[in-house]
Amino acid sequence: SQQRLELMGALGRAIQGQQMVLYFQPKINLRDNQIYAFEALVRWQHPELGLIPPSEFIPLAEMSTLIYPLTRWVLEHSIRQCRAWHQLGFALGVSVNLSVRNLMDERIVADLRRMLALYNLPADALELEITESMIMHDPERALKVLDQLADLGINLSIDDFGTGYSSLAYLKRLPVRTLKIDYSFVCGMLTDKQDQIIVHSTINLAHNLGLYVVAEGVESAEVWAELKDLGCDAAQGFYLGVPMHARDSIDWLNSGIWSQKAKTD
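Residues numbered from 1 in each chain as written. Predicted model: local features only at pLDDT ≥ 70, side-chain atom pairs only at ≥ 80, totals over all residues. Heavy atoms only, no water.

Colleague: Is there a simple way to think about the overall build of the protein in this case?
Modeller: Each helix and strand in the protein was counted, giving 12 helices and 10 strands. Expressed along its principal axes, the backbone C-alpha trace of the protein runs to roughly 50 × 45 × 40 Å. Each of the 265 residues in the protein was classed as buried or not, and the buried ones make up 53%. Here the protein contributes 23 positively and 32 negatively charged side chains, and the mean placements of these two sets differ by 6 Å. (Helix = DSSP H or I, 4+ residues; strand = E, 2+ residues; numbered from the N terminus. Buried < 20%, exposed > 50% of the residue type's maximum accessible area, 1.4 Å probe, protein only. Lys, Arg positive; Asp, Glu negative; His and termini not counted. Charge placed at Lys NZ, Arg CZ, Asp CG, Glu CD.)

Colleague: Mind showing me how you'd approach the packing of aromatic side chains here?
Modeller: The description of two aromatic rings rests on the distance between their centres and on the angle between their planes. In this structure the tally under the stated criterion is 8 aromatic pairs. Arranged with centres 6.3 Å apart and planes meeting at 75°, the rings of Phe-24 and Phe-38 form a pair that is edge-to-face. Remark: Phe-38 occurs in strand 2 (residues 34-46) and Phe-24 occurs in strand 1 (residues 20-29); sequence separation between them is 14 residues. Assigned by exposure class, Phe-24 and Phe-38 land together as buried. A ring pair is formed by Tyr-239 and Trp-258, whose centres lie 6.2 Å apart and whose planes are at 70°; its orientation type is edge-to-face. (Phe/Tyr/Trp six-rings, centres within 6.5 Å; stacked < 30°, edge-to-face > 60°.)

Colleague: Whenever I open this one, unusual backbone geometry confuses me. Can you help?
Modeller: Comment: phi is negative for the bulk of residues other than glycine, and the bulk of peptide bonds are trans. At Gln-18, a residue that is not glycine, the phi angle is positive and equals roughly 60°. Its place among the elements puts Gln-18 in the loop between helix 1 (2-16) and strand 1. Even without being glycine, Asn-33 reaches a positive phi, approximately 60°. Within the element layout of this structure, Asn-33 appears in the loop between strand 1 and strand 2.

Colleague: Before we go on, may I ask you to explain the pairing of strand 6 (residues 155-161) in this structure?
Modeller: Remember that side chains alternate between the two faces of the sheet whenever the strand is regular. By the criterion of burial, strand 6 is predominantly enclosed, with 6 of the 7 residues buried. Pairing of strand 5 (residues 126-131) with strand 6, which is carried by 5 bridges, proceeds in the parallel orientation. Looking at strand 6, one finds that Leu-128 is bridged to Leu-156. Here strand 6 runs beside strand 7 (residues 178-181); their pairing, made up of 3 bridges, is parallel. Paired with Phe-161 across the two strands is Ile-181, which belongs to strand 7. (Pairing = 2+ DSSP bridges.)

Colleague: Sorry, what's going on with the layout of surface pockets here?
Modeller: A water-sized probe, rolled over the atoms, reveals where empty space remains. Each pocket or cavity is described by its volume, and for the largest pocket that value is around 1000 Å³. Every residue lining the largest pocket is counted, 36 residues in all, and those nearest its centre are Glu-39, Leu-41, Pro-54, Asn-97 and Asp-159. Grouping the amino acids of the lining of the largest pocket by side-chain chemistry returns 17 nonpolar, 10 polar and 9 charged. The space that makes up the second largest pocket amounts to roughly 180 Å³. What lines the second largest pocket is simply Met-20, Val-21, Leu-22, Phe-24, Trp-73, His-77, Arg-80, Gln-81, His-245 and Ala-246. Elements supplying a minimum of two residues to the lining of the second largest pocket: strand 1 and helix 3 (67-87). Taken together, the residues of the lining of the second largest pocket break down into 6 nonpolar, 3 polar and 1 charged. (1 Å grid on protein atoms, 1.4 Å probe; cavity = no way out; pocket = protein on both sides within 12 Å on 5 of 7 lines; lining within 4 Å. Points joined across faces, edges and corners; volume = space filled by probe spheres on them. Nonpolar A, V, L, I, M, F, W, Y, C, P; charged D, E, K, R; others polar.)

What follows is the structure, given as structure tokens:
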């Protein structure tokens with residue numbers, strides 16, 4: 001459509017012109033009820049159209065050569081913000097989503113090495129989230145890049161687990177540390193027995209493989225309690241904290257019940 005063409009043309013200028021903005025959603029450990037990381041979520045603050053959600057411009061970026069400069073912008077600003085939290089005494093991590101185009105781009109390893117050194121951030125404070133479908137797009141090539149990222153000390157996570165057609169044969173070969181259960185299963189687990197079975201089975205599978213498990217889409221205290229009973233490790237969702245601007249994350253950390261133990265001495 002004409003609007004999509006216009007947006008694609010404006011997106012490149014937006015990345016260069018600092019129209020992109022990051023929001024951060026907290027990830028909470030179920031064992032001690034404390035935050036351990038934020039997930040970075042990019043938005044486009046268009047001067048005329050207002051705040052544009054990623055669902056409207058990420059697909060456009062992936063159809064063009066803009067996906068890499070956009071991801072590079074998100075990575076650098078996420079790493080810089082994570083360093084700022086550390087300087088304030090909050091030893092937290094930050095996670096960033098990668099697209100299949102990023103995973104197949106060999107520049108990603110060198111750029112991340114440079115960014116981590118530039119901002120003096122420990123590599124294990126950064127987590128990269130990838131989807132099952134990305135891995136299965138080209139498993140051998142994905143494994144090569146993921147191994148290089150893991151060698152840097154970066155944590156790797158499989159996002160939206162259960163929604164794709166993953167192969168357990170590849171899963172056990174991947175240098176990932178975390179599985180994220182898709183929100184579509186989590187939000188329905190109290191009313192749909194099949195969803196509950198999928199969530200419980202995924203938690204058991206992940207733990208048997210030595211992986212950490214994060215549940216997305218926690219929107220009530222009841223779901224939170226059920227995940228605890230099922231042995232899930234961590235969660236994120238509106239019940240725990242909505243995506244917030246970086247400046248608001250500081251106030252949230254200083255006053256939130258989920259961050260009382262997060263600050264280091």
